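Examination of the molecular architecture
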Amino acid sequence: MTEKSITREALLASFGALESQFTSSLKNAQALEQAFDTSRAKLVQAISSHLQNAQKSLPLANPLQAPLNNFVATMTQTSREWDAKVAGRQKGVEFRQGFEDSLLVFVSGKVKSGKSSLGNYMAWGHTDPTDDTKRQTLPERYPKYQSHAKVEVEGGDRPKEAEKKHEFRVGATEATSSIQSFSLPGLTWVDSPGLHSLKEENGNLAREYLDHADLILYTMKSDAPGRASDLTEIRDLIHKDKRTLLLLTGSDDIEEDINDSGNLIQCIVMKDAARRAKQQDYVRGELKELPDSNKLEIVSISSRYAQEHANDQAAFLDSGIGPFCATLQGICQSEGVKIKQRVPMRNLHHFLVDCENDLVPYQKLMTDFRPILRKLDESLKNQISQHSREGQHDLKRFIDTFFSGLESSREDAEHITSQLKNFNSKLGEKFQEITNERLQAIADNLTKEFQSSVKSTYQHSLLAQIPDFKIDTITEQVEAGTRSGTKKRNSLLGTIGGGIVGFLVGGPAGAAIGAGLGGGLGGATGDSASIRYRDVQITVGDNLQDIRRKLLDTHCEALDVLLQKNSTNLWQEFEGSIKTLLKKLSAEMAQFDSELQKILNKTQLAL
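Residues numbered from 1 in each chain as written. Predicted model: local features only at pLDDT ≥ 70, side-chain atom pairs only at ≥ 80, totals over all residues. Heavy atoms only, no water.

Thoughts on the overall build of the chain
A tally of regular secondary structure across the chain gives 17 helices and 11 strands. At a minimum sequence separation of 6, the contacts of the chain that also span at least 24 residues come to 77%. Accessible surface computed for the chain: about 31,300 Å², of which carbon and sulfur atoms make up 50%. (Helix = DSSP H or I, 4+ residues; strand = E, 2+ residues; numbered from the N terminus. Contact = heavy atoms within 4.5 Å. Areas by Shrake-Rupley, 256 points an atom, 1.4 Å probe, with all protein chains shown as cover.)

Written as C-alpha cells, this is what we have:
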C-alpha cells in the first residue's frame with residue numbers, strides 16, 4: 001500500500017477547517033481549576049492561622065517549640081512549593097488561553113536537533129526563508145509570530161527576535177533561548193529552547209511550557225537517534241500521557257556529484273529506506289517497555305530535502321515531510337478536537353494528583369508529632385521523679401543543718417521556740433526556692449506563671465505552720481539538807497539551865513543533880529531532828545527531733561505533690577493545645593482532600 005503523503009498546504013487547510021471547533025476548549029478545566037484554587041487558598045490560610053496561634057501560645061523555651069518550628073517551616077516550604085507550582089501552571093494556562101482556537105503543537109528536543117528549521121519550513125515552506133518568500137506569501141497564509149517567556153543566556157536569540165524577523169533563528173549553537181511561536185488558522189506551532197542545553201535555564205524553560213501542549217513533536221538527529229538522554233525525555237512524556245510524535249530529523253546525506261558543466265557539486269540525498277527503517281526500529285526497541293511501544297509513531301524527515309524537491313512528488317514523498325504532514329492531518333481530523341478539549345483537563349488532573357502527593361509531608365509531620373508528645377510525656381514523668389528526689393535531698397540538708405545548730409541549747413525552751421519561729425519563714429522561702437528551681441528544670445520554662453503559682457500554693461498550704469516546741473518534764477522531790485530537831489537543842493539548854501540552878505542551890509552536888517533534871521525536862525519539851533526536801537522538774541526529753549521529722553516528711557511530701565500537680569497540669573494544658581492543633585490541621589486536610597477528590601473525579605470523567 002502506498003504511504004499516504006500530503007503537502008504542507010493541505011495540512012494547513014485541515015487545521016483551518018477545525019478552527020471553530022477548537023474554540024473555548026478550556027472553559028470546563030478553568031472552572032475546576034478555580035474550584036481547586038479556592039480550596040487550596042482556604043487550606044493554606046487555615047494552616048497558617050492555626051500554626052501562628054500555636055506558636056504564640058507556647059513560650060520560647062517550651063520543649064515543643066523546636067518540633068513545632070520545624071513543623072511550621074516544613075508547612076511553609078510546602079506552601080511555597082505549591083505557590084511555585086501554581087504560578088508555573090498559571091503561566092502555562094495563560095499561555096494556552098491565547099490559542100484556544102488552534103491545536104497547540106509544541107516542538108521539543110535537544111539542542112541542534114532541527115526544531116527551528118522544521119518550524120520555519122512549516123511556516124513558510126523554507127527552512128531559511130528569504131524576504132522574497134515572505135513577500136510572496138498570501139495574507140491568509142502569513143504566519144503571526146509571538147515571543148513568550150525568555151531566559152537571558154549568552155548566544156541566545158534577542159528579545160522578540162522571532163516576532164520582528166518573522167522566523168525562527170537557525171544555525172547558532174544556542175539558537176533559541178525563548179518560547180516563541182507562530183500561528184496560522186487552527187494551528188499554533190511552538191518552538192522551544194533545546195533540552196540538555198549547555199545553558200540549563202533553556203531546558204528548564206522548555207519544560208515549563210511542555211505540559212501545556214496539545215501535541216508534542218520530539219525531534220532527534222538521525223545521526224544518533226535514541227540516545228539515553230532523549231529516551232528519558234520521551235519516556236517522561238509518554239508516562240504523562242502526552243500525545244507525542246517522534247521525528248528523526250536530518251535523515252539525509254550529502255554526496256558529491258558532477259553537474260552538467262563538469263563541476264564538482266554537493267547534493268543532498270535521503271538516507272536509504274532500509275537505513276531509516278533500522279533507525280526507527282532501534283528507537284522503538286529502546287522504548288519497548290512502554291505501553292503500546294509498537295504503535296509509537298516515528299517518522300524520518302528531511303525538511304531541507306523536501307524544500308528542494310517541493311515540485312517532485314516522489315522526492316517529496318521520500319523526504320518524509322509528506323508522510324509527516326499526512327500523520328499530522330490524521331491526528332488533527334480524527335482526534336484533534338478531543339485532544340484540544342482533553343489536554344487542559346488532563347494537565348489539571350495530573351497537577352491535582354501532584355498536589356495530592358504534596359499532602360504527604362503534612363500528614364507525615366502530624367503523624368510524627370504524636371510520638372514526640374509521647375516521648376516528652378515520658379521524659380516529663382522521669383524528670384518529676386528525679387527532681388522530686390533531688391529537691392527532697394535539698395530540703396533535708398537545709399532542715400538538718402538548722403536543727404543541728406539547736407543541739408547546744410535544747411534545754412533553753414524559750415530560745416529554741418524563738419529560733420523555730422524565725423526558721424518558719426526561712427523554711428517557707430527555701431521550700432519556694434527549691435520548688436521553683438525544680439519546676440523550671442522539669443518544664444523548661446513552660447510558663448512565666450510558675451513562680452506566682454508556686455508562691456500562692458505555698459502560702460495557702462498548711463506547710464507554713466511549724467509545731468510548737470515542747471520540753472517533757474517530771475516533778476520529783478530532791479534532798480535540800482538536814483533540819484536540826486528542837487529536842488536536842490532544848491535538852492542541851494535544859495542541862496545547862498538545870499546545872500546552873502543546882503549549883504546556886506546545892507553547890508557542886510546540886511549542880512550535877514540540876515543539870516540532869518534540866519536536860520531531861522528540856523528534851524521532853526523539844527522535837528527530834530529531820531531531812532528537808534524540795535520539789536523540782538527534771539527534763540527527761542523534748543520533741544525537737546519530732547519537729548525535724550515532721551517538717552521534713554511534710555515538706556518532702558508537699559514538694560513531690562507540687563511537682564507532680566503543677567508539671568502535670570501545665571503539661572496537659574500544652575499537650576492539649578498541641579493535640580487540638582493537630583486535630584484542627586487534620587480536619588482542614590480532610591476537608592481539602594475531600595474537595596480535591598471531587599475535582600479529581602470530575603477531571604477523570606472528562607478524560
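We are not done yet, so read on.
Observations concerning helix 10 (residues 273–286)
A rise of 1.5 Å per residue sets the reference length of helix 10, with its 14 residues, at 20 Å; its end C-alpha atoms lie 20 Å apart and thus fit the reference within 8%. Next to the buried residues of helix 10 lie strand 5 (215–221), strand 6 (244–249), strand 8 (264–270), strand 9 (298–300) and helix 12 (313–318). Backbone nitrogen of Ala274 and a side-chain oxygen of the N-cap are separated by 3.2 Å at the start of helix 10; the cap is Asp272. (Expected span 1.5 Å × (residues − 1). Polar contact = N/O pair within 3.5 Å; in protein donor to acceptor, adjacent residues only side chain to side chain.)

Re the confidence of the model for the chain
The predicted coordinates ought not to be read in detail in places where the model reports low pLDDT. Averaged over the chain, the pLDDT score is 76; the fraction of residues at 70 or greater is 75%. Considering only residues more than four positions removed or in separate chains, one finds that residues 471–526, a stretch of pLDDT under 50, has 88 contacts. For the stretch residues 533–541, pLDDT sits under 50, and the model shows 29 contacts to residues farther than four places along the chain or on other chains. (pLDDT = per-residue confidence, 0-100.)

A short note on helix 5 (residues 115–124)
For helix 5, a buried count of 9 out of 10 residues is recorded, marking the element as mostly surrounded by other parts of the structure. Taken together, the buried positions of helix 5 are Lys115, Ser116, Leu118, Gly119, Asn120, Tyr121, Met122, Ala123 and Trp124. (Buried < 20%, exposed > 50% of the residue type's maximum accessible area, 1.4 Å probe, protein only.)

Some words on the side chain of Arg276
Mapped onto the elements of the fold, Arg276 is located in helix 10. On the basis of relative accessible area, Arg276 is assigned to the buried category, the value being 10%. Engagement of the side chain of Arg276 in a polar contact is seen with the backbone oxygen of Lys271, the distance being 2.6 Å. The contacts of Arg276, once residues within four sequence positions are left out, are Ser251, Met270, Lys271, Ser300 and Asp318.

Remarks on the side chain of Thr127
Along the chain, Thr127 turns up in the loop between helix 5 and helix 6 (131–135). Take Thr127: its relative accessible area is 15%, and that puts it in the buried class. Residues contacting Thr127, with those up to four places away along its chain left out, are Ser117, Asn120, Tyr121, Val170, Ser303, Arg304 and Gln307.

Remarks on unusual backbone geometry
The phi torsion at Lys112 lies on the positive side, around 60°, for a residue other than glycine. Here Lys112 is to be found in the loop between strand 1 (103–109) and helix 5. Residue His166 is not a glycine yet carries a positive backbone phi of 60°. Its place among the elements puts His166 in the loop between helix 7 (161–165) and strand 3 (178–184).

Observations concerning the nonpolar core
Here is a general trend for soluble globular proteins: nonpolar side chains tend to be buried in one another's company. The biggest cluster of nonpolar side chains holds 54 residues, and the ones touching the most others in it are Phe36, Ile47, Leu352, Phe403 and Met589. Taken together, the elements giving at least two residues each to this core come down to helix 3 (27–57), helix 4 (65–97), helix 13 (321–406), helix 14 (413–443) and helix 17 (544–606). The element best represented in this core is helix 17, accounting for 19 residues. Leaving out residues up to four positions away in the same chain, Ile47 has contacts with Met75, Tyr362, Leu585 and Met589. Within the second largest apolar cluster, 39 residues are counted, among which are Leu118, Ala123, Trp189 and Leu217. (Core = buried A, V, L, I, M, F, W, Y, C linked by side-chain atoms within 4.5 Å.)

Things to note about the packing of helix 1 (residues 8–17) against helix 5
Packing of helix 1 against helix 5 brings their axes to within 9 Å, and their N-to-C directions diverge by 75°. Looking at the two axes, helix 1 sits roughly perpendicular to helix 5. For the pair helix 1 and helix 5, the contacting residues are Arg8, Leu11 and Leu12 in the first and Tyr121, Met122, Ala123 and Trp124 in the second. Partitioning the contact of helix 1 with helix 5 into residue classes produces 6 nonpolar, no polar and 1 charged. (Axes fitted to C-alpha atoms, helices over the stretch in contact; angles between N-to-C directions. Parallel < 35°, antiparallel > 145°, perpendicular 65-115°, else oblique. Nonpolar A, V, L, I, M, F, W, Y, C, P; charged D, E, K, R; others polar.)

Examining the pattern of salt bridges
Under the defined criterion, the tally for this structure stands at 21 salt bridges. A salt bridge links Arg275 to Asp253, with the shortest nitrogen-to-oxygen separation between them at 2.9 Å. Within this pair, whereas Arg275 is found in helix 10, its partner Asp253 is found in strand 7 (residues 252–258), the two being separated by 22 residues in sequence. For Arg275, a relative accessible area of 36% translates into the label partly exposed. The salt bridge involving Arg276 is made with Asp318; its shortest N-O contact spans 2.7 Å. With Arg276 in helix 10 and Asp318 in helix 12, this residue pair connects regions lying 42 residues apart in the sequence. (Salt bridge = Lys/Arg side-chain N within 4 Å of Asp/Glu carboxyl O.)

Observations regarding the packing of aromatic side chains
Tallied over the entire structure, the rule returns 10 aromatic pairs. Taking 6.2 Å as the distance between ring centres and 55° as the angle between the ring planes, the aromatic pair formed by Phe36 and Phe592 counts as tilted. Of this pair, Phe36 sits in helix 3 while Phe592 is found in helix 17, placing the two residues 556 residues apart along the sequence. A centroid spacing of 4.9 Å and a plane angle of 85° characterise the contact between Trp124 and Tyr142, whose relative ring orientation is edge-to-face. Here the residue Trp124 occupies a position in helix 5, and Tyr142 occupies one in the loop between helix 6 and strand 2 (144–150), the gap between them amounting to 18 residues. A residue is classified by how much of its surface remains accessible, and Trp124, at 5% relative accessible area, is buried. (Phe/Tyr/Trp six-rings, centres within 6.5 Å; stacked < 30°, edge-to-face > 60°.)

Quick look at the pairing of strand 6
Put simply, side chains in a regular strand alternate between the two faces of the sheet. In terms of burial, strand 6 is largely enclosed, as 6 of its 6 residues are buried. Alternating residues of strand 6 divide into Thr244, Leu246 and Leu248 and Leu245, Leu247 and Thr249, and every residue in both groups is buried. Across 6 bridges, the pairing between strand 5 and strand 6 is parallel. Note that in strand 6 the partner of Met220 across the bridge is Leu248. Where the polypeptide runs from strand 5 across helix 9 (residues 228–239) and back to strand 6, its parallel neighbour, the crossover connection is right-handed. In this structure, strand 6 lies alongside strand 9, joined through 3 bridges in parallel fashion. By the bridge assignment, Leu247 is partnered in strand 9 with Val299. (Pairing = 2+ DSSP bridges. Right-handed = clockwise from strand over helix to strand, strands pointing away.)

Quick notes on the pairing of strand 4 (residues 187–191)
By the criterion of burial, strand 4 is predominantly enclosed, with 5 of the 5 residues buried. Burial of strand 4 is two-sided: the residues Leu187, Trp189 and Asp191 facing one way and the residues Thr188 and Val190 facing the other way are all buried. Looking at chain direction, strand 1 and strand 4 are connected through 5 bridges and run parallel. From the neighbouring strand, Leu103 faces strand 4, where its bridge partner is Leu187. Relative to strand 4, strand 3 runs antiparallel, the two sharing 5 bridges. Residue Leu184 lies in a different strand from strand 4, and its bridge partner there is Leu187. Linking strand 3 to strand 4, which pair antiparallel, is a turn of 2 residues; within it Gly186 sits at a positive phi near 80°.

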